[in-house]
Amino acid sequence: MKYLNWVLKEALRLNPPVASNQREAVRDTVLPRGGGVDGKSPIFVVKGMSVRYIPWIMHRRTDLFGKDANEFRPERWEDLRVTHEYLPFNAGPRICIGQQFALTQMALITFRLLQAFKTIERRDERPPIQKLGINLSMLYGCQVSATPAS
Ligand code: HEM
């Protein structure tokens with residue numbers, strides 16, 4: 001169960017279904033970092049301005065997730081502690097209210113697939129290209145063949 005949870009977290013890190021998001025400032029405010037040549041200075045955000053952030057990119061930052069940030073490595077979650085650098089369900093007052101339900105469903109479905117099939121293999125010669133918009137999808141879908149366990 002521990003490893004399955006790591007797999008789900010890692011899948012949501014590299015494939016965040018809400019890949020891009022944005023917020024509009026309801027008052028003048030200052031973001032503590034992100035400005036200046038080195039990105040370490042504060043940024044002034046005037047009331048009404050939209051700020052877009054892209055979890056797909058944030059989740060692949062080597063300074064936050066290590067040199068192997070682009071690799072699928074569930075074991076990284078053994079000692080990885082994250083806050084706002086990991087946002088598959090967003091954060092703050094409008095955080096996804098279905099987060100725990102979604103994670104439970106994902107765990108159950110993965111578990112049942114592993115029970116029901118002895119192999120699940122990719123069946124597409126084309127490269128697995130991600131289509132990045134507000135939501136993330138696979139450009140050519142996800143074609144697999146599955147062999148029943150018995
Ligand atoms: C892997 C599955 C899911 C992901 C990645 C996900 C992601 C998100 C994200 C990123 C937001 C914030 C949107 C924003 O404010 O910009 C959100 C909001 C929300 N999600 Fe999910 N979600 C998932 C599953 C679910 C499920 C299963 C439910 C309901 C059963 C659900 C219900 C909601 C609701 C009602 C909100 C709006 C919350 C609010 O604005 O106060 N989500 N979700």
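What counts, and where the lines are drawn
- Residue indices begin from 1 for each chain and proceed along its sequence in written order.
- Only residues with pLDDT of at least 70 are given local features in this predicted model, and only at 80 or more are side-chain atom pairs given and counted; all residues enter the totals for whole chains, interfaces and linings.
- Hydrogen atoms and water are omitted, and side-chain values are computed over all heavy atoms in the structure.
- Put simply, DSSP H or I for four residues or longer makes a helix, DSSP E for two residues or longer makes a strand, and each gets a number counted from the N terminus.
- Burial classes follow relative accessibility: with a 1.4 Å probe on protein chains only, a residue under 20% of its type's maximum area counts as buried, one over 50% as exposed, and anything between as partly exposed.
- Contacts are residue-level and defined by heavy atoms, with any inter-residue pair within 4.5 Å sufficient.
- Counting rule for charge: Lys and Arg are taken as positive, Asp and Glu as negative, and neither His nor the chain ends is counted.
- Charge positions are represented by NZ for Lys, CZ for Arg, CG for Asp and CD for Glu.
- Counted as donors are the N, O and S atoms within 2.8 Å of the metal, or 3.2 Å for Na, K and Ca, while water is not among the atoms, so some sites may look incomplete.
- The span one expects for a helix is its residue count, reduced by one, times 1.5 Å.
- We define a salt bridge as a side-chain nitrogen of Lys or Arg found within 4 Å of a carboxyl oxygen belonging to Asp or Glu.
- Each residue carries a pLDDT score, the predictor's confidence in it, ranging from 0 to 100.
- Surface patches are defined over residues having more than 30% relative accessible area and no salt bridge, joining like charges when they lie within 9 Å and nonpolar side chains (Val, Leu, Ile, Met, Phe, Trp, Tyr) when within 5 Å.
- Working definition of accessibility: Shrake-Rupley area with a 1.4 Å probe, residue cover restricted to the visible protein chains.
- Nearness is judged by heavy atoms alone; a residue qualifies as near a molecule or strand once a single heavy atom is within 4 Å of it.
- Counting of polar contacts relies on pairs of N or O atoms within 3.5 Å, with two restrictions inside protein: one atom must be capable of donating a hydrogen and the other of accepting it, and residues adjacent in sequence are counted only when both atoms are side-chain atoms.
- In this count, Pro and Cys sit with the nonpolar residues alongside Ala, Val, Leu, Ile, Met, Phe, Trp and Tyr, while Asp, Glu, Lys and Arg are called charged and the others, Gly among them, polar.
- To obtain an axis, a line is fitted to C-alpha atoms, over the contacting stretch when the element is a helix, and the angle between two such axes runs from 0 to 180 degrees between their N-to-C directions.
- Reported orientations rely on four angle classes, namely roughly parallel under 35 degrees, roughly antiparallel over 145, roughly perpendicular from 65 to 115, and oblique for the rest.
- By definition, any crossing whose near helix is turned counterclockwise from its far helix by less than a right angle is left-handed, and any crossing with a clockwise turn is right-handed.

> Sorry if this is basic, but what is going on with the overall build of the protein chain here?
A tally of regular secondary structure across the protein chain gives four helices and eight strands. Reading the secondary structure of the protein chain in the N-to-C direction produces α-β-β-β-β-α-α-α-β-β-β-β. For the C-alpha atoms alone, the extent of the protein chain along its principal axes is close to 60 × 35 × 30 Å. In the protein chain, which comprises 150 residues, the share counted as buried stands at 23%. Put simply, of all contacts in the protein chain between residues at least 6 apart along the chain, 60% involve residues at least 24 apart. Where the 22 positive side-chain charges of the protein chain centre and where its 14 negative ones centre are 5 Å apart.

> Looking at this structure, I do not really get the coordination of the iron atom of the ligand. What am I missing?
Tetrahedral coordination by four donors places them ideally at 109.5 degrees to one another around the metal; octahedral coordination by six donors ideally gives 90 or 180 degrees. When only protein atoms are considered, the iron atom of the ligand has one donor, Cys96 (SG), at a distance of 2.3 Å. Position of cysteine 96 among the secondary structure elements: in the loop between helix H3 (62-65) and helix H4 (99-116).

> Can you help me understand helix H1 (residues 2-14) in this one?
Each full turn of the α-helix corresponds to 3.6 residues, which orients residues three or four apart in the same direction. For H1, which comprises 13 residues, the first-to-last C-alpha distance of 19 Å matches the rise-based estimate of 18 Å (1.5 Å per residue) to within 8%. Among all positions of H1, only Leu4, Trp6, Leu8, Glu10, Leu12, Arg13 and Leu14 are buried. Against the buried residues of H1 lie helix H2 (55-58), H3, H4, strand E6 (130-132) and strand E7 (136-138).

> What exactly am I supposed to notice about the pattern of salt bridges here?
Working definition: two side chains of opposite charge can pair if their charged atoms are close together. Summed over the entire model, instances satisfying the criterion amount to seven salt bridges. Here aspartate 68 ties to arginine 73 by a salt bridge, and the two come within 2.6 Å at their closest N and O atoms. For aspartate 124, the salt bridge is made with arginine 126, and the minimal N-O distance between the two is 3.0 Å. Given a relative accessible area of 14%, aspartate 124 falls into the buried group. Given a relative accessible area of 36%, arginine 126 falls into the partly exposed group. Counted as one network, the salt bridges with shared partners bring together Glu10, Arg13, Asp68, Arg73 and Arg76.

> I would appreciate a short explanation of the confidence of the model for the protein chain in the present structure.
Close inspection of predicted coordinates is inappropriate in any region flagged by low pLDDT. A residue-level look at the protein chain finds 100% of positions with pLDDT of 70 or above and a mean pLDDT of 96. For the protein chain, the element scoring lowest by mean pLDDT is strand E2 (residues 29-35), at 93; H2 scores highest, at 98.

> Hey, could you run me through a nonpolar patch on the surface in this one?
Together, Val30, Phe44, Val46 and Met49 give the surface a local cluster of nonpolar side chains, amounting to about 350 Å² of exposed area. Judged by its relative accessible area of 37%, valine 46 is partly exposed.

> Would you mind showing me how to read the site of the ligand here?
Neighbouring residues of the ligand: 14 residues in total, closest Asn21, Arg23, Arg94, Cys96 and Ile97. Arginine 23 is positioned such that a nitrogen or oxygen atom in its side chain is 2.8 Å from an oxygen atom of the ligand. Elements with a contribution of two residues or more to the shell around the ligand: strand E1 (21-24) and H4. Of the residues belonging to the shell around the ligand, the class tally is nine nonpolar, three polar and two charged.

> How do you make sense of the packing of H1 against H4 when you look at a structure like this?
If you want to describe how two helices pack, look at the angle between their axes and the distance between the axes. Here H1 crosses H4 at 115°, and the two axes come no closer than 10 Å. By the criterion of interaxial angle, the relationship of H1 to H4 is roughly perpendicular. Handedness of the crossing formed by H1 with H4: right-handed. Contacts between H1 and H4 involve Leu4, Leu8 and Leu12 from the former and Leu103, Met106, Ala107 and Thr110 from the latter.

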